[in-house]
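Fold and geometry: a report
Here's the letter readout for the chains.
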Amino acid sequence: MGPHVHDPRTGEILESDIIWYHNVMNLLRNWFFIQTAAINPDARSVKFRNEIMGRLIRFVSAHEVGHTLGLPHNMGSSSAYPVESLRDPEFTKRMGTAPSIMDYARFNYVAQPGDGDVGLMPNIGPYDKWSIMYGYKVIPEADDYEDERLTLNSWITERADDPIYRFGRQRFRPTDPSAQTEDIGDNSMKASEYGIANLKRIVPNLIEWTAEEAKDFKDLNELYNNVLGQFRRYLGHVTANIGGIYEFNKTYDENDVIYTHVPKERQEEAMAFLQKHIFETPEWAIDQDILRRIEEDGNMERIRRLQEGALNLLLNPDRLNRVIENQTLNGAQAYSLTELFTDVRSSVFTEILNGGNIDTYRRNLQRTTVDVMAGLMKNQRNEFENSDIQAVARGNLKVILEAARNYSNQQDELSAFHIQDLAERIDMILDPR
Ligand SMILES: [Zn+2]
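Summarised in this report is the structure supplied together with it. (Residues numbered from 1 in each chain as written. Predicted model: local features only at pLDDT ≥ 70, side-chain atom pairs only at ≥ 80, totals over all residues. Heavy atoms only, no water.)

**Regarding the environment of Ala37**
By the element assignment, Ala37 lies in the loop between helix 1 (24-36) and helix 2 (50-68). Exposure remark for Ala37: the relative accessible area of 0% places this residue in the buried category. With residues up to four places along the chain from it excluded, the contact list for Ala37 reads Phe32, Ala43, Arg44, Ile202 and Trp209. (Helix = DSSP H or I, 4+ residues; strand = E, 2+ residues; numbered from the N terminus. Buried < 20%, exposed > 50% of the residue type's maximum accessible area, 1.4 Å probe, protein only. Contact = heavy atoms within 4.5 Å.)

**Focus on the coordination of the zinc ion**
Each donor-metal-donor angle in an ideal tetrahedron of four donors is 109.5 degrees, and each such angle in an ideal octahedron of six donors is either 90 or 180 degrees. Within the protein, His63 (NE2), His67 (NE2) and His73 (NE2) serve as the donor atoms for the zinc ion, at 2.0 to 2.1 Å. In primary sequence terms, the donor set of the zinc ion follows H-x3-H-x5-H. Of this pair, His63 sits in helix 2 while His73 is found in the loop between helix 2 and helix 3 (89-95), placing the two residues 10 residues apart along the sequence. We classify His73 as buried; its relative accessible area is 13%. (Donors = N, O, S within 2.8 Å, 3.2 Å for Na, K, Ca; no water.)

**Things to note about the environment of Glu84**
By the secondary structure assignment, Glu84 is in the loop between helix 2 and helix 3. Looking at Glu84, the relative accessible area reads 43%, which means it is partly exposed. A C-alpha to C-alpha distance of 14 Å links Glu84 and Pro113, two positions 29 residues apart in sequence.

**A word on the packing of aromatic side chains**
Within this structure, the stated rule accounts for 9 aromatic pairs. Between Phe32 and Phe48, the aromatic rings sit 5.7 Å apart at their centres with planes inclined by 70°, giving edge-to-face as the arrangement. Of this pair, Phe32 sits in helix 1 while Phe48 sits in the loop between helix 1 and helix 2; the two residues are 16 residues apart in sequence, bridging distant segments of the chain. For the pair Phe32 and Phe48, a shared accessibility class is recorded, and that class is buried. Ring geometry for Phe32 versus Phe107: centroids 5.0 Å apart, planes at 80°, classification edge-to-face. With a gap of 75 residues between them, Phe32 in helix 1 and Phe107 in the loop between helix 3 and helix 4 (126-136) connect regions that are remote in the sequence. Across the pair, exposure class does not vary: Phe32 and Phe107 are buried alike. Lying across the ring of Trp31, Arg106 places its NZ or CZ 3.8 Å from the centre. Here the basic side chain of Arg166 rests over the ring of Phe248, its NZ or CZ set 3.9 Å away from the ring centre. (Phe/Tyr/Trp six-rings, centres within 6.5 Å; stacked < 30°, edge-to-face > 60°. Lys NZ or Arg CZ within 6 Å of the ring centre and 35° of its normal.)

**Things to note about helix 18 (residues 413-430)**
Helix length check: helix 18 (18 residues) gives 26 Å between terminal C-alpha atoms against 26 Å at 1.5 Å per residue, within 8%. All buried positions along helix 18 are accounted for by Ser415, His418, Ile419, Leu422, Ala423, Ile426 and Leu430. The buried residues of helix 18 occupy an angular sector of 135° when projected down its axis, which confines them to one face. Counted as exposed and oriented over 90 degrees from the buried face of helix 18: Glu413 and Gln420. Summarising the contacts, the buried residues of helix 18 are in contact with helix 14 (350-354), helix 15 (360-378) and helix 17 (389-406). (Expected span 1.5 Å × (residues − 1). Arc of directions from axis to C-beta.)

**Concerning the nonpolar core**
If you look at the biggest cluster of nonpolar residues, it comprises 107 residues, and the most contacted ones within it are Phe279 and Leu340. The element best represented in this core is helix 8 (residues 218-239), accounting for 9 residues. Excluding anything up to four places from it in sequence, Phe279 contacts Met271, Leu274, Gln307, Leu311, Leu314, Val344, Ser347, Val348, Arg362 and Leu365. Grouped together as the second largest cluster of nonpolar side chains are 5 residues, Trp130, Ile139, Leu152 and Trp155 included. (Core = buried A, V, L, I, M, F, W, Y, C linked by side-chain atoms within 4.5 Å.)

**Some points on the pairing of strand 2 (residues 13-16)**
With 3 bridges connecting them, strand 1 (residues 4-6) and strand 2 associate as antiparallel partners. Residue His6 lies in a different strand from strand 2, and its bridge partner there is Ile13. If you look at the hairpin formed by strand 1 and strand 2, you'll find 6 residues sitting between the two strands, and Gly11 has a positive phi there, around 85°. (Pairing = 2+ DSSP bridges.)

Structure follows, in structure tokens:
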């Protein structure tokens, strides 16, 4: 990151530095390993060859030099490329993994074994060259600032329909799924599906690929936790589609709107992804060979926390209020709040609704879900307390309570105890005493 000293009257950059943290190389090792090792033998060790680490340092340096020249992050860049083109060696070699080095577009986690020699990272791209032209090219025919502004705007409108030149701002909790950090491609569900397929290939090889003679398992531990961190990122990218709103900046002369809701089908696609990958237990991530080398216990709580994080993100009150507003404005064309809760309920409480034993991971998930819904009921911020959120949370808890009272299972005592406990907990939430 390069802090600037600039002239506030003109914007001219007078001074700029790049600060290089001591652990950037470690960060690069972790990202490159986790995102590409499934297809890339160069990333299958705890220490990369100098040529590889040199290339990675060049990647970060180019981004930081962009900052010193005045370029901000462009988190909307990577969504210009269709997911499938990221599997194409010719395309990725020519275009990199995003049109701008100023996105947080990481390494090519989409490409699959057998795709061939694909490009693995972003380069200085067409967006970067164009924005340098925008910022630095002299416009001699312009008499004054106003004149210059109109010329600059004409450069923007000429490229307005080309996603390669799109700018998407950085936000802490993105509402626009096409402007996210750490993602690549134009569809979070497709890209993340490929990403998870690659994580599933890495986990069984992790011990071999992190092996170092006469060393302990510190790197195995670190990279295993990075696998789960990357998995969490994919869940976040997908969740942003639910209650998502695209932001494509425009000026008056473009005669179009800026904000559009993410289409219903895409929000349903996102929910189906969450049902499959996080409400169903992610068994692939639980590997006894790894666990028994890095910790005496902690697996159950790690999985529960992953699921809790995904639930809190999904049932974030700001997101839910956007879902309600979309439904209010667009009716049946919107993915509604009741659909959202029904989809969560049916995949989290499946055994209670349909019968069957409930295993440890699922019991933990069910208690956690009730807990997150209880949190919604207790939220006293005005815009949440007086929106539909608490009504829908209460309604759903009642449905779950009813199903729990009707649940009967003679075979598994623990499942039966769990259901009694769950019903009692819901009772206390609905009727605190
Ligand atoms: Zn940056």
